[in-house]
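An overview of the molecular structure
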Amino acid sequence: MTAEILGTAGDTTRPRWRGEPETLLLVEDDAGDALLVEELLADSDIRTELTWVRSLSEAQEWLVRTVRTPGCILLDLHLPDADGVAAVSRVLNAAPSTAVVVLTGRAEGEAGLAAVAAGAQDYLVKGALEPELFGRAIRYAFQRKQVEQAAADIQAGRLRAQENARLERGLLPTPLLHTDDLAVAARYEPGRAQALLGGDFYDVVQTPDGTVRAVIGDVSGHGAAEAALGVCLRVAWRTAVLAGTEGSDVAELLEKITVAERADSRVFVTFTSIALPPDRRSLRVVRAGHPGLLIRTRDGVSLEETTGGPALGLGLGEVGWSEAELPLPEGAEVVMFTDGLFEGRTGPGRERLGEDGLCELARGEACAGLDLQDFVNALVEGAELAAADYGGLADDVAVVSLGWKKTR
């Protein structure tokens, strides 16, 4: 036997209610009971298309073939190939997102309750049905299933978000230092909503000779693939530094990894890597298309832009990177940042904070006299405030500040 479409019940001239199913599947082996259901639907105010099959096997075959999954299944508990709770379980396995209403005899109240306990939304007694009750039961079952599905989706989303947060939190760096003489402060704000990790990356490590090395970088784009590449580059940088790779050799290594690991050939990466020797008198810098550094001293804040090379992944052939050296005033702090900190719109058109505006912010009263972490926080919050009326800071933001705690 094959599925039989019994037609559309209800007033076809009125709009379908949002809370009623467009299609019903009746699984019933008794032709008389199928006719009863058809008449009840015709007399009810529910508007839906009814399809009839005579066994659970037919129902399963029909569910596989159909383009439109039914909004509700009316299931007789006594079928030639299934009975009771077992029938309910098989239907739910075949159509887990569909509401199920079981049809029972007058003396089968316990069987109906058992079916509801097994996952059905409701049960109806065949010999005690009225059109209004019948239509209301179908509509309520359909709505109840939608609520259950929405609640399950929300819970699954929460669990995914929690798991992603744990994963992303584990991928954020922890400075690897073996001295208490260096203070490190950082702030990381991903541009993606509901994320802890973006394409920006940073890290701080200290090598056995006492040199402190730090990196900050920015992968173009804002998706999960860019975040993954940022993590890959950060781990590669830390591994290379701890293995003794120095200066421009690090840039050449990261260039190869960028080209090999990026998901799109148009993706490029900017970064700045610095080395603070233990003598505390100088600063070695390798730049690859990245913004400059802020040097903060008792006398003020300056923006330093050393010579460097192009961003990674541009395919410029033999164009390389060089290491520059800067004198480091006594007690100075070095502030590294990504361009998301100063590229937020601060006015109509293309007006942005820019690096000059960032310097003014860093020199202002709100940042004066603050310790490392408070200074970093004030810098980010000041940039956010400047861009608040024009969409805020839409890009990833990373800021890292380093400074020796005391002089020799």
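Residues numbered from 1 in each chain as written. Predicted model: local features only at pLDDT ≥ 70, side-chain atom pairs only at ≥ 80, totals over all residues. Heavy atoms only, no water.

1. Re the sheet that holds strand 13 (residues 282–288)
The test is simple: Note on pairing: two strands pair once DSSP finds at least 2 bridges between them. Here a strand is any run of E in DSSP of at least two residues, a helix any run of H or I of at least four, and the numbering for each starts at the N terminus. Whenever a helix is involved, its axis is fitted only over the stretch in contact; in every case the axis is a line through C-alpha atoms, and angles between N-to-C directions fall within 0 to 180 degrees.
Within the open sheet, the five strands sit side by side as 10-11-12-13-16. Their pairing is antiparallel. Each edge of the open sheet is held by one strand with a lone partner, namely strand 10 (200–206) and strand 16 (323–327). Shown here is a sheet whose adjacent strand axes are inclined to one another by a mean of 15°, direction ignored. Taken together, the seven bridges between strand 10 and strand 11 (residues 212–219) define a ladder with antiparallel strand orientation.

2. Brief notes about the pattern of salt bridges
Quick reminder of the rule: Salt bridges are defined as contacts in which a side-chain nitrogen from Lys or Arg sits within 4 Å of a carboxyl oxygen from Asp or Glu. Accessibility here uses a 1.4 Å probe with only protein chains present; expressed as a share of the type maximum, an area under 20% marks a residue as buried, one over 50% as exposed, and anything in between as partly exposed.
What the rule picks out here adds up to 15 salt bridges. Here Arg-187 and Glu-381 are joined by a salt bridge, their closest N and O atoms 3.5 Å apart. Of this pair, Arg-187 sits in strand 9 (residues 182–189) while Glu-381 is found in helix 9 (residues 372–387), placing the two residues 194 residues apart along the sequence. Glu-381 gets classed as partly exposed once you look at its relative accessible area, which sits at 42%.

3. Here we look at the packing of helix 8 (residues 354–363) against helix 9
Stated formally: In this scheme, roughly parallel covers angles under 35 degrees and roughly antiparallel covers those over 145, while 65 to 115 is roughly perpendicular and the rest are oblique. Crossing chirality is assigned from the near helix's rotation relative to the far helix, an anticlockwise turn below a right angle marking it left-handed and a clockwise turn marking it right-handed. Only heavy atoms enter the contact rule, under which two residues are in contact if any of them lie within 4.5 Å. For this classification, the nonpolar set comprises Ala, Val, Leu, Ile, Met, Phe, Trp, Tyr, Cys and Pro, the charged set comprises Asp, Glu, Lys and Arg, and every other residue, Gly included, is treated as polar.
It is at 10 Å that the axes of helix 8 and helix 9 come closest, and there the two elements cross at 130°. When the interaxial angle is binned, helix 8 and helix 9 end up oblique. You can see that helix 8 and helix 9 cross each other, and the crossing is right-handed. Of helix 9, the residues touching helix 8 (which contributes Leu-358, Leu-361 and Ala-362) are Phe-375, Leu-379, Gly-382 and Ala-383. Residues that form the contact of helix 8 with helix 9 fall into these classes: six nonpolar, one polar and no charged.

This is a description of form; function is not addressed.
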